[in-house]
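# Results of the structural survey
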Amino acid sequence: MIEAVSCGGVVIFRGKILLLYKNYKNRYEGWVLPKGTVEEGETHEQTALREVKEESGADAEIVEYLDSSSYTFTVPEDTVVKEVHWYLMKGRSYYSKPQTEEYFKDSGYYKYHEAIHLLKFPNEKEMLEKAYARYLALRSEGKWL
């Protein structure tokens, strides 16, 4: 068993959520949230911010830690158990440009009801639900400026 740790962000700008469309070798992969592997010497926060910037080109700032999710998948050599730490992030603009080297073909900001239906993975839908509820609470308290 291989253990892996990734970090990512639910980036919100003016009420819309940043999503990436991944298409690997013309095989449908689907819409995802930006995330990636922790590099040596990085904090989880640094990883989340770096991965958002690398994968989407978007500038964001961390508002708060959301939660972690975990899942398993198989590779030819073994089974991978991945833990992902998620952060609620505030985008600085609508700008995004998908990282083609990582097979991202599209990116953009979507309304909540669109994003929740576009996301491929249940654990990412769950994080989006938590993040958006928190965003609405912070906004109603006047703390999302």
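Let us look at the structure shown here. (Residues numbered from 1 in each chain as written. Predicted model: local features only at pLDDT ≥ 70, side-chain atom pairs only at ≥ 80, totals over all residues. Heavy atoms only, no water.)

Moving on to the overall build of the protein chain. A count of helical and extended segments in the protein chain gives three helices and seven strands. Reading the protein chain from its N terminus to its C terminus gives the helix and strand order β-β-β-β-α-β-β-β-α-α. Computed over C-alpha atoms, the radius of gyration of the protein chain comes to 15 Å, within 12% of the 15 Å expected from 2.2 N^0.38 for 145 residues, which places it in the range of a compact globule. Referenced to the eigenvectors of the C-alpha coordinate spread, the extents of the protein chain come out at roughly 50 × 30 × 25 Å. Of all 145 residues assigned to the protein chain, the portion counted as buried reaches 46%. Long-range pairs, those at least 24 residues apart, make up 67% of the contacts in the protein chain with a sequence separation of at least 6. Of the accessible surface of the protein chain, which amounts to about 8000 Å², a share of 49% is contributed by carbon and sulfur atoms. A gap of 8 Å separates the mean positions of the 20 positive and 24 negative side-chain charges of the protein chain. (Helix = DSSP H or I, 4+ residues; strand = E, 2+ residues; numbered from the N terminus. Rg over C-alpha atoms; globule rule 2.2 N^0.38 Å. Buried < 20%, exposed > 50% of the residue type's maximum accessible area, 1.4 Å probe, protein only. Contact = heavy atoms within 4.5 Å. Areas by Shrake-Rupley, 256 points an atom, 1.4 Å probe, with all protein chains shown as cover. Lys, Arg positive; Asp, Glu negative; His and termini not counted. Charge placed at Lys NZ, Arg CZ, Asp CG, Glu CD.)

With that settled, consider the pattern of salt bridges. Tallying each qualifying case throughout the model produces eleven salt bridges. Its salt-bridge partner being Glu126, residue Lys130 comes within 3.8 Å of it at the nearest N-O pair. Taken as a pair, Lys130 and Glu126 lie in helix H3 (residues 122-140) at a separation of four residues, close to a single helical turn. Accessibility expressed as a relative area gives 32% for Lys130, which makes it partly exposed. Classification of Glu126 by relative accessible area gives partly exposed; the value is 41%. Where Lys143 meets Glu141, a salt bridge forms, and the shortest distance between an N and an O atom there is 3.4 Å. You can call Lys143 exposed: its relative accessible area is 56%. Overall, the relative accessible area of 44% leaves Glu141 in the partly exposed class. Beyond isolated ion pairs, a larger network of salt bridges with shared partners links Glu39, Glu42, Arg50, Glu51 and Glu54. (Salt bridge = Lys/Arg side-chain N within 4 Å of Asp/Glu carboxyl O.)

The next thing to look at is the nonpolar core. Within the largest apolar cluster, 22 residues are counted, with the highest numbers of intra-cluster contacts made by Val10, Ile12, Ile17 and Leu19. Elements supplying a minimum of two residues to this core: strand E1 (2-13), strand E2 (16-24), strand E6 (78-91), helix H2 (112-118) and H3. Considering each element in turn, this core owes the most residues, six residues, to H3. Beyond its immediate stretch of four places on either side in the chain, Ile12 contacts Ile17, Leu88, Met89, Lys90, Gly91, Ala131, Tyr132, Tyr135 and Trp144. Within the second largest apolar cluster, eleven residues are counted, among which are Ala48, Val52, Ala60 and Tyr109. (Core = buried A, V, L, I, M, F, W, Y, C linked by side-chain atoms within 4.5 Å.)

Look at helix H1 (residues 44-56): 18 Å from first C-alpha to last across 13 residues, which is about the 18 Å you get at 1.5 Å a residue. Turning to H1, its buried residues number three or more, namely Thr47, Ala48, Arg50, Glu51, Val52, Glu55 and Ser56. Where H1 is buried, its residues touch E1, E2, strand E4 (35-37), strand E5 (60-75), E6 and strand E7 (104-110). One or two residues past the end of H1 sits Gly57, with phi positive at roughly 75°. (Expected span 1.5 Å × (residues − 1).)

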